[in-house]
Amino acid sequence: MTVSNATHVTLRNVGFNLSGNFTCEVTADAPSFYTGVATNVLTVVELPHSQPTLWTEHTKYDPGDILRANCSTPPSKPGATITFLLNSMTVGSEPTVLHPSHDNLHWASRDLNIQLLPSHYATGQLILRCLAEVGTIYSEVSQAPLESSRKEPIPERVTSPNGASRLSGNRPLSPWTFLLTLASITLTTVLRMVTASSQSRGNYSTDSTENHLFREQCRQWSHRHVPCRHPNGASPSRSIPR
């Protein structure tokens, strides 16, 4: 009480039994002797002496795997509340369990058991965090980066300029994507066949025109008793009528 004054009271070496309602009463002098009373709750706490401990079954996880983890805190009073965060997303449905310890303290633990989805890898990495809190006066975090056993990149969500989103990276084709790809291949094959057919007819027409001109020239030269040969060096395959 040596550091107390007219408006402040300092208590030392308090125990948990001191928790409860504290009342401050002020009385005015004569002649009114008006009295004012204010009450508030005092809670004596003991905070955890270190950060929470985070454990995971494995260090590498892929989409579809089951993530099993546990987080525990040192003893405190009151017991801490534990929250799991996967990147920035709260996960897990199991409650925080308080276990009695020495001096009426409690250490807290919580289990996590979830299946990992591709959406959990939206940022390209996976970080599991354990947040332990005691009211508003204690907040500590432990985290564990989780790697992927895949050699190829984890699919990431990419947003296009028109607002639509798609998944990049290696992944199985959806039924609609497969049908569109098959239709594109079929259309490309048909276009190639049509182009090749058009070129073949063009070559045939050119060859027919050249042969016709060749026969006409041979017909004219035959009256002059001049032998004729095709420009490619071959002789006419059939007799030239005179």
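Residues numbered from 1 in each chain as written. Predicted model: local features only at pLDDT ≥ 70, side-chain atom pairs only at ≥ 80, totals over all residues. Heavy atoms only, no water.

1. Some thoughts on the overall build of the protein chain
Logical step 1: Within the protein chain one finds one helix and 12 strands.
Logical step 2: Counted from the first residue to the last, the protein chain has its helices and strands arranged as β-β-β-β-β-β-β-β-β-β-β-β-α.
Logical step 3: Across the 242 residues in the protein chain, those meeting the buried criterion constitute 21%.
Logical step 4: Within the protein chain, contacts between residues at least 6 apart in sequence are counted, and of these 52% link residues at least 24 apart. (Helix = DSSP H or I, 4+ residues; strand = E, 2+ residues; numbered from the N terminus. Buried < 20%, exposed > 50% of the residue type's maximum accessible area, 1.4 Å probe, protein only. Contact = heavy atoms within 4.5 Å.)

2. A closer look at the environment of Glu57
Logical step 1: Relative to the helices and strands, Glu57 resides in the loop between β3 (53-56) and β4 (66-72).
Logical step 2: Looking at Glu57, the relative accessible area reads 36%, which means it is partly exposed.
Logical step 3: A C-alpha to C-alpha distance of 5.7 Å links Glu57 and Arg68, two positions 11 residues apart in sequence.

3. Details of the state of the cysteines
Logical step 1: Under the defined criterion, the tally for this structure stands at one disulfide.
Logical step 2: In this model, Cys71 is linked to Cys130 through a disulfide, with the two sulfur atoms separated by 1.6 Å. Residues Cys71 and Cys130 are joined by a disulfide whose S-S torsion is about -65°; by sign, that bridge is left-handed. Note that Cys71 is positioned in strand β4 and Cys130 in strand β9 (residues 126-134), a separation of 59 residues in sequence.
Logical step 3: You can call Cys130 buried: its relative accessible area is 0%. (Disulfide = S-S within 2.5 Å.)

4. Side note on the packing of aromatic side chains
Logical step 1: Summed over the entire model, instances satisfying the criterion amount to zero aromatic pairs.
Logical step 2: Lying over the aromatic face of Phe16, Lys77 brings its terminal NZ or CZ to 5.5 Å of the ring centre. (Phe/Tyr/Trp six-rings, centres within 6.5 Å; stacked < 30°, edge-to-face > 60°. Lys NZ or Arg CZ within 6 Å of the ring centre and 35° of its normal.)

Interpretation in functional terms is not warranted from these geometric data alone.
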